[in-house]
Amino acid sequence: MNSLVSATAIETQPQAAAEEVVKLTDVKRRFGATPALDGISLTVKRGEILGIIGRSGAGKSTLIRCLNGLERADSGEILIEGRDITRLQEQDLQPLRRRIGMIFQHFNLLSAKTVEENVALPLKIEGVAKNERLKRAHELLDLVGLADKAKAYPSSLSGGQKQRVGIARALAARPALLLSDEATSALDPETTRSILALLRDINRKLGLTILLITHEMEVVRGIADRVAVIDAGRIAEEGQVWSVFANPQADITGSLLGSIRPQLPDHIARRLSVTTGSEAILSVDLAGPEAQGALFAELSAALPHSFRLVHGGIDHIQNQPVARFFIAVPTRDPALAGKVEQFLTARSARVEVLGYDTDHA
Ligand SMILES: Nc1ncnc2c1ncn2[C@@H]1O[C@H](COP(=O)(O)OP(=O)(O)OP(=O)(O)O)[C@@H](O)[C@H]1O
């Protein structure tokens, strides 16, 4: 299936004056004693993909509902293309909602309507003439690689195809912002990758701004420029994806990253002692040029026989190498682990002594 966007298949977005498509300042929303949003400030620049990640209950859905005006914030500002939606009356919210396209985990397609009717629906609501809205629907179906499914009904489509229809429908009214609410959570890994690739294509070719809410780091890794980690209604950490992956500051980020970063194998972790053992086990985190691998050759030359590689690897995120290794340093020379740590930290690595291996032969 062709997921690449034809630049001629769709007109580019209308230019708006504000460079920041979304700007939240100190947004708060409380449900009884629960502060669902507890002072959220963030911006999404035009053409940028921001991933917002958090665990269940972190406040993601409340944030989305406040952004599209379905929920009122208790305080704070929510600017969409420079207009504060917290100050608008319900009837004034309608035109602003049209600037926001949404895609959902369960696609939310109308089963009694054909694919082309689903895509054209936002334009029908706007009063666009039938031939014009069908023309637009066909352009968009072409864009998402589903030109041959225009007359099909959603029930005959796969999950990935349904989400492509959802994306086409979200783009029908030429939104300034695409809000993605767990849009790949119901899809298998391969289909997830193809949907993320399509969103990335649309972002690059059309300059579409995307705010993507997810609980999966893999999704953020695959598509986002920047990531904001949300925890208990607050932004725990924010930054460029490669930099947050390389050097997570908040505990919540470390645990969300757990499934996609190399971890010390369980059988070794289980036998670590905090005080003694034949080897010290160190984690070594690196990013940028130092992460290319030459560092360990240099360490070997400077301190021969000082370590062995236990586990780890080099990933590439936003074209930046990000590495995580686990090494074992013999404890027969009690000063050796300190020298190894000093050598590595002098070259910008983050080193942590995790414990001592009690069982290595
Ligand atoms: N209408 C509501 N009434 C009472 N409490 C609510 C309401 N909506 C959300 N909450 C509470 O606010 C907090 C944030 O909920 P929210 O649904 O925004 O989290 P989430 O990150 O989207 O979680 P999930 O990934 O499970 O959907 C939770 O503690 C939730 O119980």
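From a predicted model like this one, the values you see are computed outputs, not experimental measurements.

Quick notes on the rules
- Residues numbered from 1 in each chain as written.
- Predicted model: local features only at pLDDT ≥ 70, side-chain atom pairs only at ≥ 80, totals over all residues.
- Heavy atoms only, no water.
- Helix = DSSP H or I, 4+ residues; strand = E, 2+ residues; numbered from the N terminus.
- Buried < 20%, exposed > 50% of the residue type's maximum accessible area, 1.4 Å probe, protein only.
- Areas by Shrake-Rupley, 256 points an atom, 1.4 Å probe, with all protein chains shown as cover.
- UniProt positions renumbered as here; feature names shortened; annotations may be inferred.
- Axes fitted to C-alpha atoms, helices over the stretch in contact; angles between N-to-C directions.
- Parallel < 35°, antiparallel > 145°, perpendicular 65-115°, else oblique.
- Left-handed = near helix turned anticlockwise from the far one by under 90°.
- Contact = heavy atoms within 4.5 Å.
- Nonpolar A, V, L, I, M, F, W, Y, C, P; charged D, E, K, R; others polar.
- Pairing = 2+ DSSP bridges.
- Near = heavy atom within 4 Å.
- Polar contact = N/O pair within 3.5 Å; in protein donor to acceptor, adjacent residues only side chain to side chain.
- Core = buried A, V, L, I, M, F, W, Y, C linked by side-chain atoms within 4.5 Å.

Undergrad: Run through the overall build of the chain, naming residues and quoting values.
TA: The helix and strand tally for the chain stands at twelve helices and 15 strands. With respect to the principal axes defined by its C-alpha atoms, the chain has extents near 80 × 45 × 35 Å. Looking at the chain residue by residue over its 361 residues, the buried ones come to 50%. Total accessible area on the chain is roughly 16,600 Å²; 49% of this is exposed by carbon and sulfur atoms.

Undergrad: Let's hear about the UniProt feature "domain: ABC transporter" (unreviewed entry) in the chain: which residues, and what values?
TA: Sites flagged by UniProt as "domain: ABC transporter" (unreviewed entry) map to residues 22-257. In the segment residues 22-257, helix accounts for 39% and strand for 27%; the C-alpha atoms at its two ends are 26 Å apart.

Undergrad: Quick one: what's the story with the packing of helix H3 (residues 115-126) against helix H5 (residues 159-171), residue by residue and with numbers?
TA: Between H3 and H5, the least distance of the axes is 7 Å, while the angle of their chain directions is 30 degrees. Classified by the angle between their axes, H3 and H5 sit roughly parallel to one another. Of the two elements, H3 crosses H5, and the hand of that crossing is right-handed. Where H3 approaches H5, its residues Val115, Asn118, Val119 and Pro122 are matched on the opposing element by Val165, Ala168 and Arg169. Its residues assigned to classes, the contact of H3 with H5 comprises five nonpolar, one polar and one charged.

Undergrad: I'd like to hear about the sheet that holds strand E5 (residues 83-84), residue by residue, with values.
TA: Through backbone hydrogen bonds, the strands of a sheet pair up, either in parallel or in antiparallel fashion. Across the sheet, which stays open at both edges, the four strands sit in the order E2-E1-E4-E5 with antiparallel pairing between neighbours. Edge positions in the open sheet fall to strand E2 (34-45) and E5, since each of these has one partner strand only. Here strand E1 (residues 20-31) runs beside strand E4 (residues 75-80); their pairing, made up of five bridges, is antiparallel. Bridged to Leu24 within E4 is Ile78. The strands touched by helix H1 (residues 60-67) within the sheet are E1, E2 and E4, with E1 carrying the most contacts at an inclination of about 120 degrees.

Undergrad: Tell me about the site of the ligand, residues and numbers included.
TA: All residues in the neighbourhood of the ligand are listed as Phe31, Thr34, Ala36, Arg55, Ser56, Gly57, Ala58, Gly59, Lys60, Ser61, Thr62 and Arg65. Residue Ser56 places a side-chain N or O atom 2.6 Å away from an oxygen atom belonging to the ligand. Here the ligand, which alone exposes 630 Å², has 57% of that area covered by the protein. Of all the secondary-structure elements, those providing two or more residues to the shell around the ligand are E2 and H1. With four residues, the top contributor of residues to the shell around the ligand is H1. Split by residue class, the shell around the ligand holds three nonpolar, six polar and three charged.

Undergrad: Give me the sheet that holds strand E9 (residues 226-231): which residues, what numbers.
TA: Here we have six strands laid out as an open sheet, ordered E6-E7-E8-E3-E9-E10, and mixed in their pairing. The sheet terminates laterally at strand E6 (100-104) and strand E10 (234-240), the two strands that pair on one side only. Within the sheet, the average angular offset between the axes of one strand and its neighbour, ignoring direction, is 15 degrees. Judged from the five bridges that link them, E6 and strand E7 (residues 177-181) form a sheet pairing that is parallel. Paired with Ile103 across the bridge in E7 is Ser180.

Undergrad: Go over the nonpolar core with me, naming the residues and quoting the values.
TA: Leu141, Ile167, Leu199 and Ile202 are the most contacted members of the largest nonpolar core, which has 54 residues in total. Tallying contributions element by element places helix H6 (residues 189-206) first for this core, with six residues. Sequence-distant contacts of Ile167, defined by excluding residues within four places in its chain, comprise Ile103, Val144, Ile195, Leu198, Leu199 and Ile202. Counting 31 residues, the second-largest nonpolar core is a separate cluster that includes Ile52, Cys66, Ala228 and Ile230.

Undergrad: Describe the pairing of strand E15 (residues 350-357), and please don't skip the residues or the numbers.
TA: Sheet analysis places strand E11 (residues 272-273) next to E15, joined by two bridges and oriented antiparallel. Looking across to E15, one finds that Ser273 is bridged to Tyr356. The pairing of strand E12 (residues 279-287) with E15 spans seven bridges and is antiparallel. Across the sheet, the residue bridging to Val284 is Val351, located in E15.

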